[in-house]
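# Close look at the chain arrangement
So the chains spell out like this:
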Amino acid sequence: MPAIKDSFELTKRFAAGESSAEATLQAALRVIDAREPKVGAFLHLDRDGALAQARDLDARRKQGQKLGPLAAVPIAVKDNIHVAGHATTCASRMLDGFKAPYDATVTARLKAAGAIILGKTNLDEFAMGSSCENSALKQTRNPFDLERVPGGSSGGSAAAVAARMALMALGSDTGGSIREPASFCGVVGLKPSYGRVSRYGLVAFASSLDQIGPFTLSVRDAALSLSVMAGADPLDATSSSEPVPDYLSALRADLRGMRVGVVRAYFDECPNQDVADRCRQAVERMKALGAEIVEIELPRAKDGLAVYYVVASAEASSNLSRFDGVRYGLREKTPSAIQNYFATRGRGFGPEVKRRIMLGTYALSAGAYEEFYGRASRVRTLMVNDFKAAFARCDVIASPTAPFTAFRAGEKSDPLSMYLCDIYTIPANLAGLCALSMPVGADARGLPVGLQLQCAPYAETTLFGAASALESDLNLNLAPTL
Ligand code: GLN
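Residues numbered from 1 in each chain as written. Predicted model: local features only at pLDDT ≥ 70, side-chain atom pairs only at ≥ 80, totals over all residues. Heavy atoms only, no water.

A surface patch of nonpolar side chains, about 230 Å² in accessible area, is lined by Leu416, Leu420 and Ile423. By the secondary structure assignment, Leu416 is in helix H14 (residues 415-419). (Patch = residues over 30% accessible without salt bridge, like charges linked within 9 Å, V, L, I, M, F, W, Y side chains within 5 Å. Areas by Shrake-Rupley, 256 points an atom, 1.4 Å probe, with all protein chains shown as cover. Salt bridge = Lys/Arg side-chain N within 4 Å of Asp/Glu carboxyl O. Helix = DSSP H or I, 4+ residues; strand = E, 2+ residues; numbered from the N terminus.)

What follows is the structure in structure tokens.
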């Protein structure tokens, strides 16, 4: 829907009777028809279901019923989040034939708010990866350059929003899987604070790190969608009962009184000059808007990657043990139960998932536990303390989201170079912070550059305040020419 700026505008037009939900959806489906064959963002499209939802909304509006804050917004859902009655594949062979028996809490809340679920989007298998290339089912392309990756793991959701096939999409972020693809695709991507959004119905990857969050075309849309999704959930005991503030009223036009922290090395040592320059310029704009720029130190952040690959893999090795060829999806039929287990897991999981399971099991094994898991946990605590000290001196930390812009498909063939994509995003997950990526310009090739803003846990209002002021000042219009 190229004519509509964002979901916020769409809901206003819908409420004013300027458009019907069905016409809006038809427009979205036309964009999908034209662009999806090139981009490949979706694993499953539910045209009939979406049409039924749209007609239902139009009928209820006609009857004068009050509709929710996301009425008529076409939305896509990462395929590791349940939508009742539809497959949840996690882009893995392991879940062949599995259908979600219930809605994730986020799905239920979006539906109740009037959003129209278009379908499910591609990801790296079980959300492990940074380019979507680990999907066992499909390759998704970056709408700004079809030779390049959309980022990952929530690459399908990022690409769907960037291509305007959906006005909003859900992702999950364990180490950067919302922010890095948002950065590569030129959209806003939000990782809420740990516990802010219910994870009921999200297929768990690393439970001390996972959060669900939105991809949107504007900061106000991120605020709008979080206000629908956030809040305690009796079905997820790890969700927080902290009250949900009015996020939309946190949007600002200037940054007077705000302290913006920068770690100099994140800019000086960034391997891509265009990324460093665009992010520096964005910080300059924040200063011009009235913010005070403070230099801060995060001495242990450099260890984030090492800590993450121990902690996340350890938790994944435990979470993924439920895929046993008995309860869900794929089932290899062999003469004995134990052979069935080996055969199913051997065939069902792809190479990256197996690597994580082995790494994680090793890190937790009796002889190695203290050296790996124990040590990683202690360094994690030190990182949390670094952030506490930093947030005593600043309100928000600005940095590049990723060290580079979108790379070519096939370019990063060894796991370590792929892992390095998340070097700036991982610490926020380890410390439970809220963080977002927003577009701040493009590199020499026209590929989007993302700025990451991070705030203390449950300081989403500050995050939206900082991001919205910068966004309206930059007034970018980054859209792919597909
Ligand atoms: N790219 C990171 C990984 O492969 C982060 C993934 C995520 O946030 N789900 O683990």
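Having seen it, we continue.
In this section: the pairing of strand S6 (residues 211-216). Taking burial as the measure, the six residues of S6 include six buried ones, the bulk of the element. Bridge count for strand S4 (residues 168-173) against S6 is six bridges, and the pairing is antiparallel. In the strand pairing of S6, Met168 is matched with Thr216. Of the pairings in the sheet, the one linking strand S5 (residues 188-191) to S6 comprises two bridges and is antiparallel in character. Bridge pairing links Val188 to Thr216 in S6. (Buried < 20%, exposed > 50% of the residue type's maximum accessible area, 1.4 Å probe, protein only. Pairing = 2+ DSSP bridges.)

This part is about the packing of helix H7 (residues 219-229) against helix H16 (residues 460-474). Packing of H7 against H16 leaves a shortest axis separation of 9 Å and a crossing angle of 155 degrees. The angle between H7 and H16 falls in the class roughly antiparallel. Contacts from Val219, Arg220, Ala222, Ala223 and Leu226 in H7 reach Glu460, Phe464, Ala467, Ser468 and Glu471 in H16. A class-by-class count of the residues in the contact of H7 with H16 yields six nonpolar, one polar and three charged. (Axes fitted to C-alpha atoms, helices over the stretch in contact; angles between N-to-C directions. Parallel < 35°, antiparallel > 145°, perpendicular 65-115°, else oblique. Contact = heavy atoms within 4.5 Å. Nonpolar A, V, L, I, M, F, W, Y, C, P; charged D, E, K, R; others polar.)

Note that Ser135 resides in the loop between strand S3 (116-121) and helix H5 (155-162). For Ser135, the side chain forms a polar contact with the main-chain nitrogen of Lys138, separated by 3.2 Å. (Polar contact = N/O pair within 3.5 Å; in protein donor to acceptor, adjacent residues only side chain to side chain.)

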